[in-house]
Amino acid sequence: MTATPAERIGGWLLAPLAWLLVALLSTSLALLLYTSALMSPQTFATLRAQGVLSIVMWFATLLFAVGMWYYTLWLTIAFFKRRRMVPKHYIIWLLISVLLAVKAFAFSPVSDDLALRQLLFPLLAAALLVPYFKRSTRVKNTFVNP
C-alpha cells in the first residue's frame, strides 16, 4: 500500500490534533491513577466494604477509561497517518467524550461547578469541531490515505 500525497496537517487542523493529544495525556494519567489505586492493598479492603453496585461501577469506570485510552491512541496514530476514516471517527470520539462528560455530570458525587466545567469543554469542542470536520475542504484534502 502506498500513501497518497496529501496536504500536511496544518492550519486549523492543529487545534483538533492538540485536543486529541491533550485527551491522550489526560486519559493516560487517569489510567496511571487507577493502576496506582489498584496496587494499594487498602483499595481492595475499601471495595469489599462497599456494596456490589459500587464495585461494579468502579470496574466499569476502569473499563471505560481503558477503552477510551485505546480509542484515543488509535485515533491519534490514524490522525498522523492521515487515514481516510479519521473525520468520521474523530466525530464519534467527540460524541463519546460528550456522553462521558454528561455521565460524570449526572452521576458523579462532585460539585455542580466542577461538573459543569468538565462538561463545558467537550461540548464546546464538539460544537466547533464537528462542523469543521464535516465541511472543511482542508480536512477532505488531508485525510486521503486508506
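Above this text sits the structure in question.
Residues numbered from 1 in each chain as written. Predicted model: local features only at pLDDT ≥ 70, side-chain atom pairs only at ≥ 80, totals over all residues. Heavy atoms only, no water.

Enquirer: Before we go on, may I ask you to explain the overall build of the chain in this structure?
Expert: Of the regular secondary structure elements, the chain holds six helices and zero strands. Expressed along its principal axes, the backbone C-alpha trace of the chain runs to roughly 60 × 35 × 20 Å. Buried residues in the chain amount to 32% of all 146 residues. Within the chain, contacts between residues at least 6 apart in sequence are counted, and of these 74% link residues at least 24 apart. Accessible surface, the chain: about 9,600 Å² in total, of which carbon and sulfur atoms supply 73%. (Helix = DSSP H or I, 4+ residues; strand = E, 2+ residues; numbered from the N terminus. Buried < 20%, exposed > 50% of the residue type's maximum accessible area, 1.4 Å probe, protein only. Contact = heavy atoms within 4.5 Å. Areas by Shrake-Rupley, 256 points an atom, 1.4 Å probe, with all protein chains shown as cover.)

Enquirer: Would you take a moment to explain the packing of helix H3 (residues 52-81) against helix H4 (residues 86-107) for this structure?
Expert: Packed helices, taken two at a time, are described by the angle their axes make and the gap between the axes. Orientation of H3 relative to H4, taken along the N-to-C sense of each, is 150°, at an axis distance of 11 Å. The orientation of H3 with respect to H4, classified from their angle, is roughly antiparallel. Seen from above, H3 lies across H4 with left-handed handedness. Mapping the contact onto sequence places Met68, Tyr71, Thr72, Trp74, Leu75, Ala78 and Phe79 in H3 and Val86, His89, Tyr90, Ile92, Trp93, Ile96, Ser97 and Leu100 in H4. Residues that form the contact of H3 with H4 fall into these classes: twelve nonpolar, three polar and no charged. (Axes fitted to C-alpha atoms, helices over the stretch in contact; angles between N-to-C directions. Parallel < 35°, antiparallel > 145°, perpendicular 65-115°, else oblique. Left-handed = near helix turned anticlockwise from the far one by under 90°. Nonpolar A, V, L, I, M, F, W, Y, C, P; charged D, E, K, R; others polar.)

Enquirer: What's the story with a nonpolar patch on the surface in this structure? I'm lost.
Expert: A cluster of nonpolar side chains, contributed by Leu25, Leu29 and Leu32, occupies part of the molecular surface with about 310 Å² of accessible area. Along the chain, Leu25 turns up in helix H1 (residues 14-39). The exposed category is assigned to Leu25, whose relative accessible area is 53%. (Patch = residues over 30% accessible without salt bridge, like charges linked within 9 Å, V, L, I, M, F, W, Y side chains within 5 Å. Salt bridge = Lys/Arg side-chain N within 4 Å of Asp/Glu carboxyl O.)

Enquirer: What should I look at first to understand the environment of Thr27 in this one?
Expert: Counting through the fold element by element, Thr27 comes out in helix H1. In this structure Thr27 comes out as buried when scored by relative accessible area, which is 15%. Separated by 19 residues in the primary sequence, Thr27 and Thr46 have C-alpha atoms spaced 24 Å apart. Every residue in contact with Thr27, bar those within four places of it in the chain, is listed here: Met68 and Trp69.

Enquirer: Just checking my understanding: could you explain the packing of aromatic side chains for this structure?
Expert: Describing an aromatic ring pair means giving the distance of the ring centres and the angle of the ring planes. In total, this model carries nine aromatic pairs according to the counting rule given. Pairing Tyr90 with Trp93 gives two aromatic rings, centres 5.4 Å apart and planes at 50°, and the pair type is tilted. With Tyr90 and Trp93 both in helix H4 and three residues apart, the pair spans about one turn of that helix. Given the relative accessible area of 0%, Tyr90 is considered buried. (Phe/Tyr/Trp six-rings, centres within 6.5 Å; stacked < 30°, edge-to-face > 60°.)

Enquirer: Looking at this structure, I do not really get the environment of Arg8. What am I missing?
Expert: Here Arg8 lies in the segment before H1. Residue Arg8 is classed as exposed on the basis of its relative accessible area, which comes to 68%. The spatial distance from the C-alpha of Arg8 to the C-alpha of Leu33 is 35 Å, given a sequence separation of 25 residues. Residues in contact with Arg8, not counting those within four places in the same chain, are Arg82, Arg138 and Thr142.

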